[in-house]
Every structure is written in C-alpha cells, then in structure tokens.
Amino acid sequence: MTGSLKAQVPGESVINWISFEQLSDSLNQNPKPVLIFLHTDWCAYCKKMLNETFQDPKVIEKLNKEYYAVEFDAESVDTVKFDGETYASEHKIKKTGKFHPIAQILIGEKNKAIFPMTMLLNADFSVKSKKINYLSIKQILNIL
C-alpha cells in the first residue's frame with residue numbers, strides 16, 4: 001500500500017516514463033531528444049540505475065524538461081506499436097536472453113546485448129550516444 005501512495009507525495013517528482021506508442025505521437029507533435037533505457041529483470045545494475053540514478057532530483061528534472069524517456073524491458077513479450085509498425089515477440093513467456101524485436105534493433109549486433117543500455121537519440125531518432133554499462137548520477141548528468 002505504501003508504494004502506491006509514494007507517487008502521490010506532494011513535492012516528490014518522478015521521471016515521466018512513456019511507452020514506445022506514446023513516443024511516436026509525442027515526437028510527431030513536439031520533437032525533442034529521447035532517452036531509452038533498456039533493462040532486464042535479472043540485471044542488478046539495471047535495478048541500481050532505476051533505484052538510484054533515475055531517482056535523483058537533478059536527473060529527474062533534466063529528463064522531464066528536455067527529453068522523452070522510455071524505459072523498456074528487453075525481454076518483454078508485449079506487442080509494441082511504434083512509428084506505424086507492430087513489433088510482436090515470438091515468445092509467449094519471458095526467457096532470459098530472448099529479446100523483444102525492438103530491443104534487438106536497438107542492441108544492434110547479435111550477441112552483443114549488455115545491460116543496462118542507455119541510449120540518447122536526437123529528435124530525428126538518430127543515435128547521439130549509446131552506453132552499455134551502469135551510469136551513476138554524475139555520469140548520466142554529464143551525457144544529458
């Protein structure tokens with residue numbers, strides 16, 4: 001019960017994470033840079049970034065003001081619609097190392113999946129930077 005109330009505490013801010021579906025619409029209406037955070041359930045450094053780096057007030061403020069932020073489980077089995085295309089996982093249940101088609105596109109080279117993966121994209125969706133390691137608060141503020 002406390003977890004659900006936490007988001008409603010006055011003065012406490014959180015990152016406005018959006019889905020890929022929302023990102024398509026948002027980029028069409030108001031282009032701006034994008035941060036994509038790819039993670040997995042089993043990745044300890046992914047959890048550390050979600051619980052520490054992305055909880056920092058300066059990081060939250062900068063992301064919410066200047067970027068669209070998408071957080072995505074690379075092993076998701078959800079069907080995702082993005083930019084007029086539908087991306088469906090061939091898997092019905094989550095399996096370690098079996099990545100969603102969108103994650104595969106973002107990862108790039110096969111067998112080069114390292115998490116956490118943080119990508120910064122320009123408003124035209126060209127890649128500005130791609131970090132495949134844990135980023136501290138200071139490190140992420142430097143690249144933002």
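Each value, and the rule that gives it
- Residues numbered from 1 in each chain as written.
- Predicted model: local features only at pLDDT ≥ 70, side-chain atom pairs only at ≥ 80, totals over all residues.
- Heavy atoms only, no water.
- Helix = DSSP H or I, 4+ residues; strand = E, 2+ residues; numbered from the N terminus.
- Rg over C-alpha atoms; globule rule 2.2 N^0.38 Å.
- Contact = heavy atoms within 4.5 Å.
- Phe/Tyr/Trp six-rings, centres within 6.5 Å; stacked < 30°, edge-to-face > 60°.
- Lys NZ or Arg CZ within 6 Å of the ring centre and 35° of its normal.
- pLDDT = per-residue confidence, 0-100.
- Core = buried A, V, L, I, M, F, W, Y, C linked by side-chain atoms within 4.5 Å.
- Buried < 20%, exposed > 50% of the residue type's maximum accessible area, 1.4 Å probe, protein only.
- Pairing = 2+ DSSP bridges.
- Axes fitted to C-alpha atoms, helices over the stretch in contact; angles between N-to-C directions.

Concerning the overall build of the protein
Within the protein, the secondary structure is distributed over six helices and seven strands. Helices and strands appear in the protein in the N-to-C order α-β-α-β-α-α-β-β-β-α-β-β-α. Its C-alpha atoms give the protein a radius of gyration of 15 Å, near enough to 15 Å, the size a compact globule of 144 residues would have. Judged by the C-alpha coordinates and their principal axes, the protein covers about 40 × 35 × 30 Å. Expressed as a percentage of contacts within the protein between residues at least 6 apart in sequence, the contacts between residues at least 24 apart total 63%.

Overview of the side chain of His 39
Topologically, His 39 is positioned in strand β2 (residues 34–39). Not counting residues within four places of it along the chain, the set of residues in contact with His 39 comprises Cys 46, Glu 71, Phe 72, Asp 73, Ala 74 and Phe 115.

Some words on the environment of Pro 33
Structurally, Pro 33 can be placed in the loop between α2 (20–29) and β2. Along the sequence, Pro 33 and Leu 120 sit 87 residues apart, while their C-alpha atoms lie 7.1 Å from each other. What Pro 33 contacts, discounting residues up to four positions off in sequence, is Glu 66, Tyr 67, Tyr 68, Leu 121, Asn 122 and Ala 123.

Side note on the packing of aromatic side chains
Following the criterion strictly, the structure yields eight aromatic pairs and no others. Considering the side-chain rings of Trp 17 and Phe 54, the 5.1 Å spacing of their centres and the 80° angle between planes classify their relative orientation as edge-to-face. Of this pair, Trp 17 sits in strand β1 (residues 17–18) while Phe 54 sits in the loop between α3 (44–51) and α4 (57–66), and the two are 37 residues apart along the sequence. Here the aromatic cluster, defined as three or more aromatic residues joined through ring pairs, consists of Phe 20, Phe 72, Phe 82 and Phe 125. When the ring centre of Tyr 134 is taken as origin, the NZ or CZ atom of Lys 48, which lies over that ring, is 5.3 Å away.

With respect to the environment of Gln 22
As for its position among the elements, Gln 22 is in helix α2. Considering only alpha carbons, one finds Gln 22 and Lys 81, 59 residues apart in sequence, at a separation of 9.4 Å.

Thoughts on the confidence of the model for the protein
Of the residues in the protein, 90% have a pLDDT of 70 or more, and the chain-wide mean is 89. Across residues 1–10, where pLDDT falls below 50, the model places one contact with residues more than four positions away in sequence or in other chains.

Comments concerning the nonpolar core
Phe 20, Leu 23, Ile 36, Leu 38 and Phe 54 are the most contacted members of the largest nonpolar core, which totals 39 residues. Elements with a contribution of two residues or more to this core: α2, β2, α3, α4, β3 (68–73), β4 (80–82), α5 (101–107) and β6 (117–121). When residues in this core are grouped by element, the largest group, five residues, is from β2.

Quick look at the sheet that holds β3
Pairing is mixed in the open sheet, where five strands are placed in the order β1-β3-β2-β6-β7. Each edge of the open sheet carries a strand with a single partner, namely β1 and β7 (127–131). Note that β2 and β6 share five bridges and pair antiparallel. Bridge pairing in β6 places Val 34 opposite Leu 121. Where α2 meets the sheet, its contacts fall on β1, β2 and β3, and the angle it forms with β3 comes to roughly 160°.

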